[in-house]
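# Notes for the structure review
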Amino acid sequence: DDATATARKRRYVNVTGFPFPLTPVLRRKTTMETIVPGRVWALEQEQGIGFGLGVTTNVRMTVVRMRDGALWVHDPIAPTEECVELLAKIGGEVKYCCLSTTQYEHKIFAPAFTRAFPKCELWIAPGQFSFPLPLPNAFLGLFPKGTLGDSRNPPPWSDEIESELLYLPPLFWHNYTYCECAFYHKDTSSLLVTDAAVYVGENAPGIIPEDDLESLGSDDCFTIRLLKLGNYRGGRNIASPQIPASQREARVSNGWMRMALFSLFIAPDAKNILNPERSFRGMAGKFVVSPIVFNVVFQFYREEVAAWAEKVSRWNAERVIASHFPVPESASSADFLRAFDF
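Residues numbered from 1 in each chain as written. Predicted model: local features only at pLDDT ≥ 70, side-chain atom pairs only at ≥ 80, totals over all residues. Heavy atoms only, no water.

## Quick word on the domain arrangement of the chain
To keep things clear, this is the line we draw: Domain ranges listed in this record stem from an automatic or a database domain assignment. Any pair of residues with heavy atoms lying within 4.5 Å of one another is described as a contacting pair. Put simply, buried area is how much 1.4 Å-probe accessible surface two parts lose in total, over both of them, once they are put together. When a carboxyl oxygen of Asp or Glu lies within 4 Å of a side-chain nitrogen of Lys or Arg, that pair is called a salt bridge. Here a polar contact means two N or O atoms within 3.5 Å. Within protein one must be a hydrogen donor candidate and the other an acceptor candidate, and residues neighboring in sequence count only if both atoms are side-chain atoms. Helix and strand assignments come from DSSP, with helices taken as H or I runs of at least 4 residues and strands as E runs of at least 2, each series counted from the N terminus.
Once the domains are mapped, the chain shows domain 1 (2-200 + 289-338) and domain 2 (210-284). At the interface, 14 residues of domain 1 touch 16 residues of domain 2. With both sides pooled, the region where domain 1 packs onto domain 2 buries about 1300 Å², and carbon together with sulfur makes up 74% of that total. The interface formed by domain 1 and domain 2 holds zero salt bridges in total. Linking domain 1 with domain 2 are three residue pairs in polar contact (both at pLDDT 80 or more), by the criterion used here. Contributions of two or more residues to the side of domain 1 that touches domain 2 are made by β3 (56-65), β11 (198-200) and α10 (291-296).

Encoded structure:
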């Protein structure tokens with residue numbers, strides 16, 4: 001039947017993830033949104049860190065149609081049968097694929113994606129798999145055509161898509177390298193980034209199930225009950241909204257605010273999770289640097305990160321597409337740059 005066929009098309013087994021297992025483990029739904037008609041599309045899947053704690057978000061693959069009709073892919077997602085069919089609907093050869101970061105939740109899909117499209121050229125950011133072991137790219141299934149930022153071997157799309165590399169010195173006893181490459185598609189004035197900054201929208205990305213949002217918005221859900229039971233940061237004695245089940249829309253909204261804070265902070269204060277409105281409003285409607293990214297990486301290299309963001313802002317983009325959270329209806333390079341006021 002249709003349900004069985006859909007489940008089969010979404011099958012993708014993933015039991016890896018460091019330091020948390022990346023979910024969903026067995027099936028991944030894929031949705032597609034047109035960003036610029038005929039030129040730019042966003043394909044999204046849900047991605048969380050497991051354990052049923054509500055720490056989940058969307059992961060986005062952006063697809064650009066080149067002038068010759070071929071497709072250029074930014075940050076590949078799981079190449080399920082459903083995902084491959086959606087790419088086929090766009091039409092055109094999947095010619096290039098860019099793994100633009102060293103972040104694990106993106107590079108985990110690149111080997112499978114290039115196997116699904118064997119004629120596709122893979123271009124990767126330098127510094128891959130520096131943590132937890134400095135293994136060679138080939139050992140983990142990456143066989144790149146070239147490395148982003150290598151002036152000796154520039155990518156063949158440079159006249160259509162410009163790039164700016166943020167390659168920071170290694171951290172944690174030289175065991176972890178943060179690298180991210182920003183891209184600018186000239187024909188559509190589109191800026192593409194991965195994790196450096198994300199847009200915190202009023203509403204959750206459509207790929208996140210509304211039932212999950214409603215559950216997290218209730219104080220009866222597993223996460224909130226566990227937080228109070230364990231008295232996480234004094235959570236047992238903090239009053240919270242206690243939104244009744246009859247107010248589904250309010251629960252969904254409260255759930256998204258909590259989910260956004262979990263995703264951005266990983267371990268936020270109990271008072272902010274139980275009563276997320278104030279913290280969420282401080283970030284909503286704009287691009288922000290995730291506090292977890294800032295605390296783990298950016299705070300140590302403020303000047304380098306600020307210089308990169310300033311260079312990226314010179315492109316004067318009319319839209320900014322990050323690999324997580326919503327895509328705003330309109331945003332400029334200046335909007336992106338303001339996220340780096342730290």
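## Concerning the side chain of histidine 185
Among the secondary structure elements, histidine 185 is positioned in strand β9 (residues 179-185). One polar contact links histidine 185 to arginine 39, side chain to side chain, over a distance of 3.4 Å. Setting aside chain neighbours within four positions, we find histidine 185 in contact with Arg39, Val40, Val64, Arg65, Glu160, Ile161 and Ser190.

## Considerations on the state of the cysteines
Going by this rule: To count as a disulfide, a pair of cysteine sulfur atoms needs to be within 2.5 Å. Burial status follows relative accessibility: with a 1.4 Å probe on protein chains alone, a residue under 20% of its type maximum counts as buried, one over 50% as exposed, and anything between as partly exposed.
Under the definition given, this model contains zero disulfides. Cysteine 97 carries a free sulfur, and the closest cysteine sulfur to it, the one in cysteine 120, is 4.9 Å from it. On the basis of relative accessible area, cysteine 97 is assigned to the buried category, the value being 0%. Looking at the unpaired cysteine 179, the closest cysteine sulfur is the one in cysteine 181, lying at 7.2 Å.

## Thoughts on the pattern of salt bridges
In a structure, side chains of opposite charge can pair up when their charged atoms sit close to one another. On inspection of all chains with the given rule, the structure shows 18 salt bridges. Across the pair aspartate 150 and arginine 152 runs a salt bridge, and its minimum N-O distance is 3.1 Å. Shared partners join several salt bridges into a network, and the residues in it are Arg39, Arg67, Glu160 and Asp187.

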